[in-house]
Each structure stands twice: as structure tokens, then as C-alpha cells.
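A structural walkthrough
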Amino acid sequence: MKKKVYFKTFGCRTNLYDSQVMMSAMQEYDVTENESEADMIVVNSCTVTNGADSHVRSYISHVENSGGAKVFLTGCGAHTKGEKLLEQGRVSGVFGQSEKEKIDEMLGREEPYYEPGDLNHIDESVVDDFIGKSRAFIKIQEGCNFRCSYCIIPYVRGDARSMNEEKILEQIRRLGANGFGEFILTGTNVGSYGQKTDSSIASLMKKISQIRGVRRIRLGSVEPIQITDEFKEILDEPWLERHLHIALQHTSPQMLKFMNRRNMYKQDRELFELLAGKGFAIGTDFITGHPGESRELWDEAMRNVKELPLTHLHAFTYSKRDGTPSATMKPEVGGKVAKERLHELEDMVKAKNFEFRKAFGGELDVLIESQKDGFFIGYDQHFNKIMIESDEDLVGNWVNIKEYEVKEESNYGRV
Ligand code: SF4
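Residues numbered from 1 in each chain as written. Predicted model: local features only at pLDDT ≥ 70, side-chain atom pairs only at ≥ 80, totals over all residues. Heavy atoms only, no water.

**Structural notes on the pairing of strand β11 (residues 216-219)**
- Because side chains alternate across β11, one face comprises the buried residues R216 and R218, and the other comprises I217 and L219, equally buried.
- As defined by bridge partners, strand β10 (residues 182-186) adjoins β11 across 4 bridges and the pair is classed as parallel. Counterpart to L185 in the pairing with β11 is L219.
- Since β10 and β11 lie parallel, the crossover through helix α8 (residues 201-209) that links them has a hand, and here it is right-handed. (Buried < 20%, exposed > 50% of the residue type's maximum accessible area, 1.4 Å probe, protein only. Helix = DSSP H or I, 4+ residues; strand = E, 2+ residues; numbered from the N terminus. Pairing = 2+ DSSP bridges. Right-handed = clockwise from strand over helix to strand, strands pointing away.)

Have a look at this one:
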């Protein structure tokens, strides 16, 4: 009887993809989606903030207190926290992302080990299923060449490199043939796809759109400077979601300098207005409380956010990461102030999202992903959630809905 392995995935969509690669590559063990029956647990960790690290540690404590399945650590946290957790005997093995396709060997080792692997590795695998999902995350790129002063990612994911284009297309052909219609292109710095391989994110998406079964392409977080003229040519394509997530991280020009960001507020605003003019919903990343964020710079940033046609937000309070330039920057901002600013920002963008949904009022093209509390839950072309009542099982279905109610927390409809 094969031993059972449970995969616990933290962090970003790239980690979701990496976990799927491990599940697909595993031959000598069985995947279980039931944690309590697992003989082994693979923790695919995140280390982007202190909070991410403590979530991983408390999860390992949870496993230790509930029966003690063998724990193996991988993901970005393997490079920052792995050695310590191994020394403490809290994990049986630590392996870097580049070793994931050798999952059977990693799980089969008797002695504790630390195998950080190669930070310039490019995956060879082609996944053709996404267990328990109705949409497919496709990793097209890995690593990052930016050097934002607060960020640990380039040190744990390596420099930017693109997956083999033919392998990406083959993967989507197989997943399309398996009934997947929505594809989310993901990576560490997804907009840098194709830089060294004479391709680009825009030309790749055009090729993907030609594949049978592809109905909608979504994109992970891109940088403002990566929305090129070539990219702007595909903005009206029917297969492109009507939502883009464009990472600003801040809207005060001085703060962007402190953070060593490549974007500039004036150009960011022009880009966002162009996209909003085409009906796009727009999301962004934002960090509050980075060192140097004085009251004046915060007020300036909020005045600028007020002007931006934002609808979605992925925001954090600043989290000091040892080894990054920001870790030694002064003056620091107190955690309480950073949190207050985060809430101020979240409230503002939430109100903008509500206004956007009320103003739109048009037909929604929804992929139903799950069911909860009597509702079917899906996301529309603007990446807004909708809760749908129906007597039929809609999970995995596409639904076009004209009549729906717009409430502050979500849209509601009946099919
Ligand atoms: S773009 Fe900046 S924030 Fe994003 S992964 Fe690269 S260094 Fe980190």
C-alpha cells in the first residue's frame, strides 16, 4: 500500500503551480487531499513577509500536535528558514524549488537533509491537470531582475528566466483538451517573460488564444513599465480578462525612490486612466509603513490614490526582511501606524470597487469555481466575485448573467 502525501501550499499562484508539478511528478506515493490520513506532508512555503514565515511555523506546530506526519519543507521559505527548522528537528528534509520534479527521491530519503538546489533552474514538467480546480495556473516565468529595496524574492527565486514556450503551449493544449477554459499566467515577475528568449508576454498570449478550448486568459501581477505598446495592442481582445493587476507598491514619488521601484507615479496615473477608459478593472500591490513614510508622504500618497481608477488591492504592511536594503533604513514607521494606513487604503479601494460594479451594470461572464453556504461562487471578467443561487450544480461551469444585484460586499444573482 503506497504511503499518502498531503500538500500544504502557502503564498502565491506560482507556489500553487509548483505544488501541482510535484503532485503530477509523484509516482511512488499517493496524493491525499485529506490531511488527517497523510503519512507525509509537503509544506510548500512562502517567505515574502514575517507573517508568512510565522504561518508556516505555526502550521508545522499544528502537524506536530496532531499525530506527527513526517514534514518536508520546500518553496521560498526553504532558503530562509529551512536550515534552522532542520537543525531543530522540526522537518525531515528541506529542498529548493529546483528539486521538486525529483519529489519521489526527496520523500524517500531516510536521513534528514538540506538540498537548496539551483536558483537558475527552469522546470521541464508539463502538467495536464489541476486537482480540485476549475481553472489552470500556468507558470511561464521564474525569478526577478528587479531589486526593490524591501524584497527578499530575488534572493530565494533567483534571476528572471522564462519557461520553454513550446512547453507552455503544449501544457495549455493538454489542459484545454481536459476541459479547462480559463488560464492564469503566473510567475515571480510575469511581465518579464520572454526577455532572453526573443518573445514577450503579449506575443505568448496571442499564441495561447489560438489554442482550442481557451476562453479567458488572466495575468498575474505585472509591472507598469511592462505594459508596452505591443501589450496595448491586445487590450481589446475578447479572450483577455477585463481586469489587470499592475504593481505600484506606492503612489508617493519619494517613497518609490526609497523602495528602489522602477515605476513613476505620473506615468502610472496615465496608464491607469488609459486602461480605465477601456473599461478595465485595475488592481495593484501596495506596501504601507515602509521606512521613510512620513505623515506628509502618506497624505500625498493618499491624495494620489484618490485620483486613480483602482478597483482591487493586494496590500501589506511593511515587513522587515533581513538582508534587504530596507532592513537598515530609517526612520522606521510603527506597526500600529502602518496598520491604520493599510485599513485607510483598503476602505478607499473597497468603495471604488463598489462604485465600479454599480456603474458597470452590464452582462457578466462568470466561471463558477466553488460552492459554499448555498451559493455558487465565481469570478467575472473584471475579477469581481459573484454569489449565485441555483438548483443545478454549477461548479466548473461558465455562466453569462445579465440580471444581478450589486451589494457592497459582492454581486448576487440567480440562475
Ligand atoms: S518586482 Fe520587486 S517586489 Fe516584485 S519580486 Fe521583484 S524585487 Fe520583489
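**Overview of the pattern of salt bridges**
- As enumerated under the stated definition, the model contains 38 salt bridges in all.
- Among the ionic pairs, R261 bridges to E223, the shortest N-O distance being 2.5 Å. Of this pair, R261 sits in the loop between α10 (253-258) and α11 (265-277) while E223 sits in the loop between β11 and α9 (229-232), and the two are 38 residues apart along the sequence.
- Under the relative-accessibility criterion, E223 is labelled buried at 11%.
- Of the charged contacts in the structure, one is a salt bridge between K266 and E270, with a shortest N-O distance of 2.9 Å. Note that K266 and E270 are positioned in helix α11 at a spacing of 4 residues, about one turn of the helix.
- Residue K266 is classed as exposed on the basis of its relative accessible area of 58%.
- Taken together, the salt bridges that share partners define one network made up of R135, E182, R215, R216, R218, E241, D365 and E369. (Salt bridge = Lys/Arg side-chain N within 4 Å of Asp/Glu carboxyl O.)

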